[in-house]
Amino acid sequence: MIKQKGTILKFKNNLAIIMTTDCKVVSIIKQPGMYVGLEVLFNINEVVHKKNKIIISSQIIAGVAAIFIILLAFFNPFTNSRVYAYVAVDSITSIEFELDKNNKILKVNYFNDDTSSLLKELDLKHQSVDVAIREVIKKSNLDESVILISACLKEQSNDKSGDTKKNHSEEFDRLIDICRSTAEKDFDEDIRSKVVETPYDYKKLADINKISLGRSIVYEKAKEQGIDMDIEEIKSKSIGEALKKVKIDDVGVVHDVKKDKPQKPVSEPERKEPSKEKTDPIEKKDPNTIIEPKNKTQEKPLPEPKNKFEETVVEPKDNFEETPFVEPKDKPEGKPGLEPKNKPKETLNSEPKHNKKPEVDIETYKK
Amino acid sequence: MINIKSYYWLGHEKDSFLEIIKKIKNGDILLRNKFIDDYKPFILKCVSQLVGKKNNIIQSDEFSIALIAFNEAIESYDLDKRTIFISFSKQVIKRRLIDYLRCTNKYKVTVPFSYLYDNDSSFEEKYLYDNNSDYSSEFITKEEIKNLELKICEFKMTIEDLIDCSPKHRDSRVMCLNVAKIIKENDSLFQLLMEKKTLPYKELTEHVNLCKRTLEKNKKFIIAMVFVLKSDLEILKKYIYDTIGR
């Protein structure tokens, strides 16, 4: 090994700059005890070349880059593990899934404490969404109730500008199809279900209110429609009850499932004739709901009483048969619907007003 | 590069490091002090690892013992074995400290050094007097090198630039050194250099049989060498004259 002698001229960045005996200027790594002006003997191998530094650093950079590329290829964090869409299943309980692009569940959100304990027993992570929905429905033992399945696409930062329709990529359509087909095939006949596609705004509101996506839709719609509903009420009530009061058909794309059964056509009739059939089930189940409809029935029937009466008399024969005798009795006794019988008649809401009200109105007017 | 890597992996100390220790062993007090000073953080770490004290370690007896042990390690380090100095000195420090702690635990009495000596000779005479206290030459060298750097800076260059600018081949280096010597010896050329802040190419070509391009290429190295020759840096001047062959 060739040794060289030189005098230290300067220190810089842990390097000592040395002028050698043959008048070369080189740098070596600084050693303890070195000072400017010291004459040292060093091995030629100790000389640090700039090129060496560059080569070493470029090798390190290349190595690190290669490791990153390999890691990316294996785990691919940017595509799969990112939340892509949300699906909420609301019935008596509420549960919300965060999904990736393959419709696998990344995270499950629970909202209702007592029910969530039941649902927490299910291990739904990494399962596909249709399996999860089936499991949830099975677990919650629903018979004869309404299920609202709401889905929304997570808003990508790039698309913020706007049109939510643009966000509806093929994957999202597939997700909706999956939800619909699960609802159609796997639920009991007694269960009525709705699948709703919503914009991301509802999810944001849901997060603020700490409720599920489905309940958020109902809550917001209730506000829009001027229906007085407390958020606590929304949280605690089953979705079926809430949907009887609130129409959510204009939220996004609504798919009604199982229209063929007699009880199911909940949403469609609502649109055409504001609720002859719907109101029946509501009346029977909920005594509470009477108060609001009452007002409406009293207000609305007055302006157009007899024409409608004539028109509608023919169809709702069944209704007539069931109710007509009871009504006159109730009204004289008093409005407050304490007994179940009273309520149904009054709560026939705005629609039955036409059919039955004529009788009621006439009688009441007479009195 | 492969050579450098294998050199590191073998775990040997570098030649420059061994050279420093050799000089210390040969009695270079200034270098010894500088060397120990540079290693103080390491010595402190050894002490705190063993003693565990955190307050005032520098003023503790243990630190003094460790310093003495480190000095002993320098003396007893075998240059031929080329083992790692740090691990060797760490072991020496640990052993001396353990010995000291055992002693103090045994007797639980510590006696200041001053008790053991006569009061006749003063403390300064005994400990602060240094026979080899001729540090003036080192100091002068340091100052001269600083001056050299300042002068070079006037020409918008630094000493680091010389690493890349110094010619690789010995012949071209000798040629440049010859040019520098001519400028140093010719006052008019040197004046022109100082005025123009660059090499007087036109005038130089009259003295030397070199093209302007070659001179331009080695401009920085030549200027630096001119100032080395003009300075009092005897060691560096000796290097230059030895290379030229005087």
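Reading guide: rules and limits
Residues numbered from 1 in each chain as written. Chains lettered and ligands numbered in written order. Predicted model: local features only at pLDDT ≥ 70, side-chain atom pairs only at ≥ 80, totals over all residues. Helix = DSSP H or I, 4+ residues; strand = E, 2+ residues; numbered from the N terminus. Buried ≥ 20, exposed ≤ 12 C-beta atoms within 10 Å, placed from the backbone. Pairing = 2+ DSSP bridges. Core = buried A, V, L, I, M, F, W, Y, C linked by C-beta atoms within 7 Å. Contact = placed C-beta atoms within 7 Å. Arc of directions from axis to C-beta. Nonpolar A, V, L, I, M, F, W, Y, C, P; charged D, E, K, R; others polar. Axes fitted to C-alpha atoms, helices over the stretch in contact; angles between N-to-C directions. pLDDT = per-residue confidence, 0-100.

1. Digging into the overall build of chain A
The secondary structure content of chain A amounts to 17 helices and 10 strands. Here chain A, with 367 residues, has 35% of them falling under the buried criterion.

2. Topic: the pairing of strand S7 (residues 105-110) of chain A
Taken residue by residue, a regular strand's side chains alternate between the two faces of the sheet. All names here are of chain A. As paired elements, strand S6 (residues 94-99) and S7 share five bridges and run antiparallel to each other. Paired with phenylalanine 97 across the bridge in S7 is valine 108. Linking S6 back to S7 in an antiparallel pair, the connection comprises five residues, with asparagine 103 at a positive phi of about 60°.

3. A short note on the pairing of strand S9 (residues 192-198) of chain A
Of all seven residues in S9 of chain A, seven are buried; the element is thus mostly enclosed. Burial along S9 of chain A is two-sided: Arg192, Lys194, Val196 and Thr198 of chain A facing one way and Ser193, Val195 and Glu197 of chain A facing the other are all buried.

4. A word on the environment of asparagine 45 of chain A
All names here are of chain A. Relative to the helices and strands, asparagine 45 is located in the loop between strand S4 (39-43) and helix H1 (50-75). For asparagine 45, a count of 16 C-beta atoms within 10 Å gives the class partly exposed. Note: C-alpha distance between asparagine 45 and isoleucine 2 (43 residues apart in sequence) is 8.3 Å.

5. Looking at the nonpolar core
Core analysis: the biggest nonpolar cluster contains 61 residues, and Ile18 of chain A together with Ala66, Ile222 and Met225 of chain B have the highest contact counts within it. The greatest single-element share of this core, amounting to eight residues, is contributed by helix H14 (residues 219-230) of chain B. When residues no more than four places from it in sequence are discounted, the contact partners of alanine 66 of chain B are Ile43, Cys46, Val47, Ile93 and Leu97 of chain B. Listed in part, the 43 residues of the second largest apolar core include Ala88, Phe97, Cys152 and Val218 of chain A.

6. What about helix H3 (residues 129-139) of chain A?
Those residues of H3 of chain A lying buried are Val129, Ala132, Ile133, Val136 and Ile137 of chain A. Burial along H3 of chain A is one-sided: seen end-on, the buried residues are contained in an arc of 130°.

7. Some remarks on the interface of chain B and chain A
Between chain B and chain A, the residue contacts involve 35 residues of the former and 33 residues of the latter. Counting residues per element, the ones that place at least two in the side of chain B that touches chain A are helix H1 (2-9), helix H2 (15-25), helix H3 (29-38), helix H8 (136-154), helix H9 (159-165), helix H10 (170-185) and helix H15 (234-244) of chain B. If you tally residues by element for the side of chain B that touches chain A, the top one is H15 of chain B, at six residues. Here the residues of the side of chain B that touches chain A are counted per class, giving 17 nonpolar, five polar and 13 charged.

8. Looking at the sheet that holds S4 of chain A
Residue and element names in this part refer to chain A. What the four strands build is an open sheet, ordered S3-S2-S1-S4; its pairing is antiparallel. The outermost strands of the open sheet, each flanked by one partner alone, are strand S3 (25-29) and S4. Neighbour to neighbour, the strand axes of the sheet diverge by 50° on average, direction disregarded. Pairing geometry for strand S1 (residues 3-12) and strand S2 (residues 15-20), over six bridges, is antiparallel. Each residue of the ladder has a partner; that of lysine 12, found in S2, is leucine 15.

9. So, the environment of lysine 245 of chain A
Tracing the sequence through the fold places lysine 245 of chain A in helix H9 (residues 239-245). As for lysine 245 of chain A and valine 218 of chain A, which are separated by 27 residues in sequence, their C-alpha atoms are 9.3 Å apart.

10. Some points on the confidence of the model for chain A
Residues and elements named next belong to chain A. Here chain A averages 68 in pLDDT, and 56% of its residues register 70 or above. Looking over chain A, one finds the lowest element-wise mean pLDDT in helix H10 (residues 267-272), namely 39, and the highest in S2, namely 91. Confidence drops under pLDDT 50 across residues 159-164; counting only partners more than four residues distant or on other chains, this segment forms five contacts. Counted against residues more than four places away or in other chains, residues 259-367, with its pLDDT under 50, gives 106 contacts.

11. Observations regarding the confidence of the model for chain B
Detailed reading of predicted coordinates is not advised where the pLDDT is low. Residues and elements named next belong to chain B. Mean pLDDT over chain B works out to 81, with 82% of the residues at or above the 70 mark. Ignoring residues within four places in sequence, the model shows residues 1-9, a span with pLDDT below 50, making five contacts including any to other chains. Here the predicted complex scores 0.44 on pTM and 0.72 on ipTM.

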